[in-house]
Amino acid sequence: MRFVEYFLIETDQTAIGENVLHKVVGIIILALVLKWVNLSWSDIGFQRNGFAGGILKGLLLGSACFTISYGLELAVFILQGNPAHLEIYISSFSLTGSQIKNTDFVFFLLCVLFNIINVWMEEGVFRGLFIRTLSETKPFVQANFIAAFLFGIWHIVMPIRSYIHGEMSFAAMVFMGIGYMILAGIMGIKWGLLYRITGNIWAGLGDHLFNNTVAANMLHVISAKGTDELQIVRIMAAQIISFVFVLIIHYYKNRKGRKKPKNQS
């Protein structure tokens, strides 16, 4: 369904600006699989308790790290003698730059709605279902890496389409494909760690939502030479910063959990 929508329907090239149809199908398939294996949504991290707090923590994590990466991006342009500024409008995410520019309020609402569908499906499948299922026979670290690897493979469709459409060379497709898989894999590992730390899906989902909605579709860097020229670099910088932060939290949480209470005399 992902390949069908990306290569045949191309919903993201329409006014909708997002390939959302296969994500809806994915949520339906996920619901059917959960019923088949006798699991509930809460069993894969969608608990009602902690919903608001988890989403807020994820959004705060995303906003803090992207504030740093946007600042670094603007500083790079200034050092190049090419001052840039921020603009808010809705576009589709593209590895080669989107030409769609929507400013009507309805497109902002649709952007948020479609990205909620997007992250609900991806977090539910790659973090919720896959990590839960793989952890039954494997240590968490292995389960998380396998799920993150599959999440990276999931994103290979974008550079392939750019190559087929003549937007990049074969060498660029290979380079971008490997880089994008690594980036998506890092993001997947981080959101898996957040799932382990919090015990639910919400913090990772909130951070994922901020990444997709604000950094990829809504808040753009405009310079005299173009739009979002360093978007991938911006996203990578923010994700590496947040990955290190989450890794440190996970390390200290595990270290604290391994400490045995001292015997009291």
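In this text, all values refer to a predicted model and were calculated from it rather than measured experimentally. (Residues numbered from 1 in each chain as written. Predicted model: local features only at pLDDT ≥ 70, side-chain atom pairs only at ≥ 80, totals over all residues. Heavy atoms only, no water.)

(A) Looking closely at the state of the cysteines. Applying the stated rule across the entire model yields zero disulfides. Here cysteine 65 stays unpaired: no disulfide links it, and the sulfur of cysteine 111, its closest cysteine neighbor, is 20 Å away. The class for cysteine 65 is buried, based on a relative accessible area of 6%. (Disulfide = S-S within 2.5 Å. Buried < 20%, exposed > 50% of the residue type's maximum accessible area, 1.4 Å probe, protein only.)

(B) Representation of the packing of helix H1 (residues 2-9) against helix H6 (residues 157-164) in the model. The geometry of H1 relative to H6 is characterised by a closest axis approach of 11 Å and an angle of 25 degrees between their N-to-C directions. Here H1 is positioned roughly parallel relative to H6, judged by the angle of their axes. Between H1 and H6 lies a crossing whose hand is right-handed. On H6, the residues touching Arg2, Phe3, Tyr6 and Phe7 of H1 are Val157, Met158, Ile160, Arg161 and Ile164. (Axes fitted to C-alpha atoms, helices over the stretch in contact; angles between N-to-C directions. Helix = DSSP H or I, 4+ residues; strand = E, 2+ residues; numbered from the N terminus. Parallel < 35°, antiparallel > 145°, perpendicular 65-115°, else oblique. Left-handed = near helix turned anticlockwise from the far one by under 90°. Contact = heavy atoms within 4.5 Å.)

(C) Representation of the nonpolar core in the model. Core analysis: the largest hydrophobic core is formed by 48 residues, its most contacted members being Phe66 and Leu205. By residue number, the principal contributor to this core is helix H7 (residues 170-198), which donates 10 residues. Filtering out sequence-adjacent residues up to four positions away, phenylalanine 66 remains in contact with Phe210, Asn211, Ala215, Arg234, Ile235, Ala238 and Gln239. Ile90, Phe107, Phe108 and Cys111 belong to the second largest nonpolar core, which has five residues in total. (Core = buried A, V, L, I, M, F, W, Y, C linked by side-chain atoms within 4.5 Å.)

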